[in-house]
Amino acid sequence: MSSVIPGQRRFVCMLCMYVFDEALGDPDSGIAPGTLWEDVPDDWYCPKCGAAKGYFEPEARFTTPG
Ligand SMILES: [Zn+2]
């Protein structure tokens, strides 16, 4: 079973390590809290360094459960 719940996932910018949290969204860029990563528009960019969505990776990849 996966412990990753849609809507509570976090994605990390590989360029600057900014963390996009689905639960928080990015209100400054018009992304409402609770927005799923898949629903974040492709023209959204990292608010910190300007990287495209493609530079983000799921945070779960870098953490170990428990
Ligand atoms: Zn970034």
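So, here's what we can say about the structure. (Residues numbered from 1 in each chain as written. Predicted model: local features only at pLDDT ≥ 70, side-chain atom pairs only at ≥ 80, totals over all residues.)

## Things to note about the overall build of the protein chain
- Secondary structure assignment for the protein chain yields 0 helices and 3 strands.
- Element order for the protein chain, N to C, with α for helix and β for strand: β-β-β. (Helix = DSSP H or I, 4+ residues; strand = E, 2+ residues; numbered from the N terminus.)

## Digging into the environment of serine 3
- With respect to the helices, strands and loops of the structure, serine 3 is situated in the segment before strand S1 (10-13).
- Classification of serine 3 by C-beta neighbours within 10 Å gives exposed; the count is 8.
- Here the alpha-carbon distance between serine 3 and alanine 60, two residues 57 residues apart in the chain, equals 9.4 Å. (Buried ≥ 20, exposed ≤ 12 C-beta atoms within 10 Å, placed from the backbone.)

## Quick notes on the sheet that holds S1
- A sheet is described by the order of its strands in space; here 3 strands give the open sequence S2-S1-S3, paired in antiparallel fashion. Two strands lie at the open edges of the sheet, namely strand S2 (19-21) and strand S3 (56-58), each paired on one side alone. Within this sheet the neighbouring strands show an average axis-to-axis angle of 30°, counted without direction.
- Pairing between S1 and S3: 3 bridges, direction antiparallel. Following the sheet pairing, phenylalanine 11 is matched in S3 by proline 58. (Pairing = 2+ DSSP bridges. Axes fitted to C-alpha atoms, helices over the stretch in contact; angles between N-to-C directions.)

## Observations regarding the nonpolar core
- Counting residues in each nonpolar core, the largest one holds 5 residues, listed as Phe11, Cys13, Phe20, Cys46 and Phe56.
- With residues up to four places along the chain from it excluded, the contact list for phenylalanine 11 reads Phe20, Trp37, Phe56, Glu57, Pro58 and Glu59. (Core = buried A, V, L, I, M, F, W, Y, C linked by C-beta atoms within 7 Å. Contact = placed C-beta atoms within 7 Å.)

## Let's talk about the pairing of S1
- Along S1, the buried face is formed by Phe11 and Cys13; none of Arg10 and Val12, which line the opposite face, is buried.
- Pairing geometry for S1 and S2, over 3 bridges, is antiparallel. The residue of S2 that forms the bridge with phenylalanine 11 is phenylalanine 20.
- The turn joining S1 and S2, which pair antiparallel and follow one another in sequence, is formed by 5 residues; a positive phi near 70° is taken by methionine 17.

## Observations concerning the environment of glycine 7
- Structurally, glycine 7 can be placed in the segment before S1.
- When the C-alpha positions of glycine 7 and proline 33 are compared, they lie 9.0 Å apart, and in sequence the two are 26 residues distant.
- Leave out the neighbours within four places in its chain, and glycine 7 touches Glu22, Ala23, Gly34 and Leu36.

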